[in-house]
Each structure stands twice: as structure tokens, then as C-alpha cells.
Amino acid sequence: MEPDVSIDTSSMIRIAVVPVGDIHLHLFRKYAGMLGRHHTIQLSTITSFYTEHQKSPFSHQPWDFGSLRFKFIVGGSPPSPWEDFQSNRKIHGVIGICHCPSSPDLDAVVHQFAAASKGYSSSLVQRCFAFSPADSQLADGNDRGNKLVLFPPADQRTQEIHLQTMMQDIAASLLMEFEKWVLQAESGGTILKTPLDSQASLSSEEVIKAKKRRLGRAQKTIGDYCLLAGSPVDANAHYSTALELARLTGDYFWYAGALEGGVCALLMDKAVHKDPVIEEEVKYRYNSVIVHYRKSFIQDNAQRVSPLSFELEATLKLARFLCRPELAKEVVELLTAAADGAKSLIDASDRLILYIEIARLYGSLGYHRKAAFFSRQVAQLYLQQENSLAAISAMQVLALTTKAYRVQSRASIPRHSVFNDVASSIADGGKMHHHLVVSLFESQWSTLQMVVLKEILLSAVRAGDPLAAWSAAARLLRSYYPLITPSGQNGLASALNSSAERLPSGTHCADPALPFVRLHSLPLHPSQMDIIKRTPGREDWWTGSAPSGPFIYTPFSKGDSINNSKQELVWVVGEPVQVLVELANPCGFDLLVNSIYLSVHSGNFDAFPISVTLPPNSSKVISLSGIPTKVGPVNIPGCLVHCFGVITEHFFKDVDNLLLGAAQGLVISDPFRCCGSGKLKTIALPNITVVPSLPLLVSHIVGGDGAVILYEGEIRELWISVANAGTVAVDQAHISLSGKNQDSVISIDYEALKSALPLKPGAEVIIPVTLKAWQLGLVDHDATASKSTSVNVTRPLKDASSPMLLIHYAGPAGELAESANVVPPGRRLATPLNVCVLQGLSFVKARLLSMEIPAHVGEISNSLLDNDSADRFVKMDPYRGSWGLRFLELELSNPTDVVFEVGVSVQLENDENSSEFDYPKTRIDRDYSARVLIPLEHFKLPVLDGSFLSNNSLSNGDGGKTSEKKKKAELNAYIRKLISKIKVRWVSGRNSSGELHIKDATQAALQTSIMDVLLPDPLTFSFRLVKDHQVSAGPPLKDVLANDMTPMEVLVRNNTKDSISMNLSITCRDVAGENCIEGTNSSVLWSGALSGMKVDVPPLEEIKHSFCLYFLIPGEYTLLAAAVIDDPNEILRARAPSSLLDEPIFCRGPPYHVRVNGAL
């Protein structure tokens, strides 16, 4: 049998192409490739070389559209014993290829070519093509005859034209030789034999039968030459004659051969492809061919040479002709029959060729697994030969099956196809489409896949190919370690090491072995190395960046989520970076990784290798580092691993697909989980960009970076040292605060940093910062209170509420960057102001206290606004008309182990220098409580007017709600103003001092009594004595005698800026509180009006009303003045709210004491 046979093989002229002289292999392949492009020569192009010596036997030669077809046998081939049966098996021509610079002696070339041509007795034309001859060789070559053809040095196109011309000459010579042979065969002088005829001695009857068959065989052979000459019509005529003669003589073997030739002539003549009529005719005739080949076998079953190979060859020819997906069923039936017949083949080489052709045809149909099965049969036949060349062939054939069995080497997979598969799996939401993972671990294929890899390993060892052996062992160990016993795993490890010993040092292999490597994480830059996008042309270039570590994109930034779905990572030239990867060794032996480092294809990154030892069934997270060297993008698809003596590249995406396949149940085992590693979310490698060198600020707190321990409200000054550790100067810097409790930072010396700019590399600057400890929240207090011992109570609490000092800085933009509108990014230095706040003085409660001491009649001066007792602790309230005191009481507890001294100071309202009024200090020992009183006598509004309550006359429906909201807002503002004027400071020891946070406690205490604290009474009532109906000019009169008419006056002052109309009434009560004016038992007589007096009081003025009292009994009496305001305005209603809008407001003055003495 012959490989690569088809129906039109019968029309191909075989020409042996042999090297002549000393010619390098690559040159011989180059010239043979040039020659192979001229496999078809049109008959119309050879007319100039063709000479008709006598009438041509090819009477129907198609000179206009016919052609001669060549099949070049590179290296030649031995003669076939079946050349008489099928003329296309003969070598009809010999072409030698010589390289003149390598073979300067042309005489030797000619003799060597002549010797080589003698091995092909059937050849009709011989030519030796000598390429690139020298000038002297060109002169000598003309004397060597026409068998030596010199190709002068020229360009490729010129040589192609020259070669085509020579091939046309060879075609014309062959055509003329075919004519001679046919003319000679027609004369009857040709004897044709096959191995079937020579298997036994011929009897007399067989001799007679052979003579009769000679004519039919001659006609069949003439038809073969007609096909070779490109004349299908003439061939068909001779084949028809041969069929008749063979049928008459019972020569079924030659009858089948003539049928085959007739089918070839039919297809050459019709030149129609995929014609259903032609296809049916071809199938019919070839079925007859197969039957007649089978008949020839049946009639002579004692033969040792069987025609079965021709029967199977005819089956393959028909299958190749019908090989299309729509006719797959018929083709499969033919190939199945051919495979069954392989068992009866005598020659092993025929069986080898048969399996090869069956595998190729199954592959053409797309039945790759069937093709792989028969390819393995071919490999088995090669392996039976026990030699290195056969082992190499077996290895190459098995390599073709790896794709069907999904165990192919990564070197045989185009990189773009792998990336497309990975991209498609991501686009489909993570579904598995990667063919290396989907089908690699199908359970029903695992055993077969292991067998295939073992066969490849065995053939590679026999072939002496250590790299192929290493690759097969690596794939076997990496993919099927769960199915391999520990001893088998150790054997594969030994095979890997032994193969590596035969390889040069530093050999790379495309197939990784162990360990499994996956991307664990990319550590964020420290807070001192955050990179910020820099907006050109803006002073606040950092605004809107909001970085998260080194990532420019954050989930909280604005923008399209689709476009920003992948993060961007920025690295800086010259600054070390780290990538965390996890290694897994799921096998039962110690794995030594000689070196592992990041694989960078962009060429702008220097990776640092490290060595690792992994115990059996273990995993480990390691840090791989490197330094970016150039500006541009960085691509890190995986790691380069030097293990088992060979360097391999491990891609992160392959392991991600493997783990995803394990999650979907497609993979036998997860190598990381079987090593005890936890489940890790798949991390997408971000887009990494390297930027030019940037400045690098580092900071530390002078005195130590530990947390500063402060009591609540304590004030402390820190010094922060900032130094430039980079290679670029800092040109711009801006200080800001971030995080919680930013108001605890009282002051920052901004000018200290600005004055140091530009901060050159190595320079340092000190920035003073003043802190004030904040008040602990309720959660912190509860956590502290839950501790049982006093030691735990005073232990510093871990507080994550410390503020952060941010410095946004950048280096010079550069002229080129500014012109391109692209500037290098800046950086952000984040320095945490670590403060551990201890619970200090704690508030127990706060309340507002009021004390009122009634005045005696006559103790008030003529002018109510004059207060001549400012130095007294209890002062006369000019707006109330009585002695009074209001103060805020704070009850404080000291749960700490130190002593506090608490002092209260109040900022005076009318002091231009904003001086403070200090009260005596209070000492609070440990575990004790104390009350601190804060007097409020300095806080009163002088008048009550509309500026305090605005919008008091709204007429629409929402006016009341709006006025109420504004009233509350203004009241809260006055509360805050009051609190801001009160300072409660404490001192503990020599260096600790601070201020209490009294805002919340004071606001809660004052919220309900703000009107009484801040606002004066609308009306002020006071009494005084009148002597002889004249107000005494001297000191106020205090003596009142019984049984004497005592003239008095009541003074009513309007403290508002609006006129007030009211009904005034006066009442006198005795010690028991009984009304002593009205009733039958009254003890006081009067003259004048004491009730029902309608008066109008102008704004900010006072009125007087005179009356006389006559006390009958000495003793203590109390005078009270009251007024009913009939038509109050909004201000008065806000001061004394009532439930009804038309309800009058009752206003009562303070009580005045009158001591009545007895008569002398």
C-alpha cells in the first residue's frame, strides 16, 4: 500500500528529486520547495518544446485545457513490484539538485547524478539542476550536455521563471517518451507481470491463459499512460477494451485495475466536482472494483501475496472521494470495513499505512477521537520496531493525538487561541469554555489520557528526546496526581529529574509541572506611598481623586461602572513592589523550587527570584518582589518557576480556570483545598502602569510613633517629622485633615512645611500640631464601666477614632509633561495622629438652679438700672426687682487614679478685651464626686424686642410653624453662645491640663429654662415709701409704723420695645399668706385704687401709681403687684405661652417684704 492515495493518483507522473554533491539540507529543502510549486504543467505551455516525430497515439490530446500532473518524490523511493500493474507507481523522471558553491567540480556532479539515476531503471527523463554556479562553471557547463541545467544567480522571481521553463521542457520530453512507449506496446512486444503471477510455476494451461491476458493487460497499461499524458478520452477507450478482454479471460485483478483507471479518466474528462450523477457513477464503479479485487483473492487462496491491499486501497480512495460531512455515514462505513480488513494484511507496513490513512480521513470528517484512536494504533506499530527512529515517529504521531485527548502540550497551542478562550469564559459570566479545562478532567477519559501520556513518555525516552519526556511527565504529574499512587508520583519525579540531567542548564519548557501557582493578592501601598492623579493647571490638583491605596479607581468614585470595571495599579520607577502568590504541592514528596519569580513580558521590570521548599500536601503564601525600571504598562501573566531542573512559566489564568472547573465539578481535585488552603476569591490582575520617579515623604512623630495617652479634654502638642526619602524634590504640598474627630486638632503649623519647599531629597522639616482629646462616646463609657476592677477602668482603650493628617505633595511637572497636558501623578502622605483617650472627669448630672430672695420695701434705689453692688456674690436683679441668683450645677465624678483641680471662668459680655471672670477652683480626689457651680448672672438681654423673635406677624397658614422653627433655631444659637463663654478647665499633676466638654450637659440643662436664663421679665414691679406725698430724696425709707397712714408707690417698668396695656392690681398678705385687705377680718386699711386700674406703659419706660396703707397690727407683711395684659403681642406670648390665642397673659412681680413696727 501507498500513503496519500486518491482516485486521481493514477494520473500523476512520479519524479524522484535527489540531492547531488555536497548540499546543505536547508538548501535542498528550499530548492525542492520551489520545484514542488510546479506540480501542474499546462499542455498549452509545452508546445514549443514538443516535437512530434510520428503520429501521436494520443489522438484526443486536449492541448487547449489539458495538463500534465507531477508528484515529486523527494529523496526518491525503491522500485515497486506493482509497477507493471499501475504505471503511475513507476519513477518516470529523475531531477537532481546541486548547489554549485558547495560542489565546484561539475564533472563529479555529472558522474554522481548518473550513478543516482541508474537506480531508477524506469525513468525516461533525467535532469540535474545546478543552482548558483560561478562564471567558470557557467562556461564549463555548456559542455556537459542537456542533462545538466545551470541556474545562474538571480532573484527569486527570475529563478522561478527559469525553473518553470525547465519543467515545461521536462513535461514535453516525458510526453514524447510516453508516445514512444505506447507505440511500442501496441506492437505487442510488451510482457506485463505482477507478484500474483510469479507465486507458482505456470502450467501449460496457465501459459495459454497468460498469452490471452497479455492483450488485455497491454490495453490497460496503455490506458494508464494515456492518463499520465493527460488524455482521458484516449485512456477511457483503452480501458474499455481492457475490460472486455479481462472479463473474457477471467483476469479479475486487472479488470479491477482497468475499472479504477476508467473512474480516474471519467473524473479528468468531466472535471465536475460534487455532481450527484458523477458521484453515484463513481460509487457504483468503485464498489465493482472492490468486488473484483475480492474475487481475485477468492480464486487463488493459496497465494502468499494477497490483493487485499489493493482492495483496501480502493476502499480508501472511494472514502477520500466521498469525504464530506454530509456523506459522513457512507465514509464511516467504508473506513470501518477497511479497519476490519487490516487484521488480514500480511505486511506490517501495509497495516501502518492503512491506519495512517484511516486516521487522516477521520480527522478530515471532524471525528478527532476516532482519528486519535487509529493514530495510537500507528504509534503502537512504530513502538514494536524497537529502534530510535521508529520511536521518534511514534512520539510525533502521539503528539498529534493529544489535542483529541485534551492532553496536548502548551507549545502546540497558539497563544491567541488560549487568550480568546479565556476571554470568552469571562464574557459568559465565568462559565467554563477553556478546552484545556473542560474536557481534560472528564472522568471517563482520565485513564485513557493517562495511558496516552505514558505512551508519549515511553516513546520520548526511547527516542532520546529528554525535553519531550520531561513535558509528558510534567503533564502527567500535574493533571492526574489524584489518580497516581505516591510511589508513582515519586517515579514521575525521578523521570523529570533524569530528563533534566540530559538537558542543558536553563532549558525552558512550555508545560509546567509543580507547584500550582495562583495569585493571592496585591498588597496595597503603605499609607505613606499613596498615589494620586494630578489634574494639570489646578492648584488643588488632588481634589476628586479619592485613592484607595495604590488604586486610582475606587468603587466610590463617580463614573461609568462598565468602563471602570477593572482597576488600575500604578507603580513607580525604582520603588520595590510586592505580589503575593500561593504555591501548592498536592503530591507525596518534598518539592524543591530552585527559584520562582514574576514573569514580565513588557521588559520594564526586574523580578527578584526566591527559593522555596514545599512539604508533601502543603501550600504556602510567598511574596515575590521586583523593581520597575521603565515607564509604561506592565504585564504579569504568571510566574517563571525553576523546578525539576527546567524553567517553566505558570500562568495565573490557567489555575483560575482549574479552580473554577473544580467548583463546577469538572476537575478531579482542587490542589489548594486538598493541601489545606482556604477558599480564595479569584483576583483579576489589574492594569499596571509604571510612572516616572516621584518624591517620597516619610513621617514619624518625634518622641516615638506610639499612641499619645490623653484624658478627655487634655491638650497636648506634638511634633511631626517629615522627610523626603525619594530622589525627586517636593515642589507642592498641602496639609489637610481626614477621619473622625478632626476638631480635636486645634492648630497645625502650615507655614513650617510651606517655607521648606522645595523639599529636596534627604531634607527634613518639623511640623508642630496641637491636639485636644475628644470626649468618649457612650459605647466607650459602657465598655469602660463593664470592667470590674479599677485597673481595667484606667487601661487605655483602643480607639479607632483618631484623626489623620494628610499631606498631598507632588514633584515638578516638567516642560514636556505640561506641553503634552500629562503630568506625573502626585502622592498622599497619611500620618495617623494616634491618640488613646482615657476617661477623665465624668458628668453625673447637670441642672439649672435658681434662687430668689424677696427685697424689702425701700431697698431698691430710684433707678432700677443702677446696681451698686456688683462686687457682691448675690446681686439685685434690676430686671426682676429682687435679690436673685441663677447658676448651672455640674456634678462631676473622678473614676481615675489621679487628682483633678477644676476651675470655672466666664467671658464677660461687654469687655472689649474679652477678659474672663474666674471663680474659685474645686479639687476632686480619685473615686470622689464634686459639684461645680457656674453662675449665670452675666447673661441677660437688656430688652425684649422683635429682633429676638423674627417673623412674628406671619398671616399665612404655615406662619406659625415657620416662626416656631426660627424661634428654636435662635434659641439654640443663644445656647451655644452662652456655652462658648463658659470654660471649665482642669489641671492634673505638672504637665496635664485640659478642658471639660460641657456642651452637651449645659445644653440639656438650659434647653427647658432658656427663656428664664436669657430673657428679662416683660414687666418689672417695685414698691417704695413716700413721705408727705413726696419721694424721699435721701436714703430709702424703711420704717413703717402701725396705726399710721403710710403713703406708697408702685413702679411698673416696660422692658419691651412695644407699648403694653394692662389691668394693674396690688395685694397685701400677712405672715400666714392670707389676704389682709379683703374680707371681714382685714388688718390693713387703704386709700386709693388697688385693683382694676387700666394703665398703658410706654416702651422702655415706667409708670407710678400712688396709694396709702394703714396697718392696724404690727408684724411682717408682703406686697405683691400683678398685671393682666389684655392684648399681648407675639413676644409676650413667646415669653409666657398660653393655650389660646385670645387668652390674656398674667404677669406677677416678685414679693416685697414690709416690716411694720408698733407705735412708740
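Residues numbered from 1 in each chain as written. Predicted model: local features only at pLDDT ≥ 70, side-chain atom pairs only at ≥ 80, totals over all residues. Heavy atoms only, no water.

Looking at an unreviewed UniProt entry, one finds the chain named Trafficking protein particle complex II-specific subunit 120 homolog and attributed to Tagetes erecta. Comment text from UniProt for the chain, heading Subcellular location (unreviewed entry), reads "Golgi apparatus". (UniProt positions renumbered as here; feature names shortened; annotations may be inferred.)

Q: Quick question: what am I supposed to make of the overall build of the chain here?
A: The helix and strand tally for the chain stands at 27 helices and 49 strands. The long-range fraction of contacts in the chain, counting pairs at least 24 apart against all pairs at least 6 apart in sequence, stands at 76%. Surface exposure of the chain reaches about 55,800 Å², of which carbon and sulfur atoms provide 53%. (Helix = DSSP H or I, 4+ residues; strand = E, 2+ residues; numbered from the N terminus. Contact = heavy atoms within 4.5 Å. Areas by Shrake-Rupley, 256 points an atom, 1.4 Å probe, with all protein chains shown as cover.)

Q: Can you help me understand helix α19 (residues 652-663) in this one?
A: Spacing of three or four residues puts side chains on the same side of an α-helix, whose turn is 3.6 residues. Compared with an ideal rise of 1.5 Å per residue, which puts 12 residues at 16 Å, α19 spans 17 Å between its outermost C-alpha atoms and is within 8% of the ideal. Taken together, the buried positions of α19 are occupied by Phe652, Asp654, Val655, Asp656, Asn657, Leu658, Leu659 and Gly661. (Expected span 1.5 Å × (residues − 1). Buried < 20%, exposed > 50% of the residue type's maximum accessible area, 1.4 Å probe, protein only.)

Q: Explain the packing of helix α10 (residues 328-341) against helix α11 (residues 348-365) to me, please; I cannot follow it from the model alone.
A: Two quantities define a packed helix pair, namely the angle between the axes and the distance from one axis to the other. Where α10 contacts α11, the two axes come as close as 11 Å, and the packing angle between them is 165°. With respect to α11, the axis of α10 lies roughly antiparallel. The handedness of the crossing between α10 and α11 is left-handed. Where α10 approaches α11, its residues Ala328, Val331, Val332, Leu335, Thr336, Ala338 and Ala339 are matched on the opposing element by Leu354, Ile358, Leu361, Tyr362 and Leu365. When its residues are assigned to classes, the contact of α10 with α11 shows 11 nonpolar, 1 polar and no charged. (Axes fitted to C-alpha atoms, helices over the stretch in contact; angles between N-to-C directions. Parallel < 35°, antiparallel > 145°, perpendicular 65-115°, else oblique. Left-handed = near helix turned anticlockwise from the far one by under 90°. Nonpolar A, V, L, I, M, F, W, Y, C, P; charged D, E, K, R; others polar.)

Q: What is the right way to read the state of the cysteines from this model?
A: Two cysteines whose sulfur atoms are joined by a covalent bond form what is called a disulfide. Across all of its chains, the model carries 0 disulfides by this definition. Counting only cysteine sulfurs, Cys675 is the nearest neighbor of Cys587, a cysteine outside any disulfide, at a range of 8.5 Å. Free cysteine: Cys1076, not disulfide-bonded; nearest cysteine sulfur from Cys1068 at 3.5 Å. Classification of Cys1076 by relative accessible area gives buried; the value is 3%. (Disulfide = S-S within 2.5 Å.)

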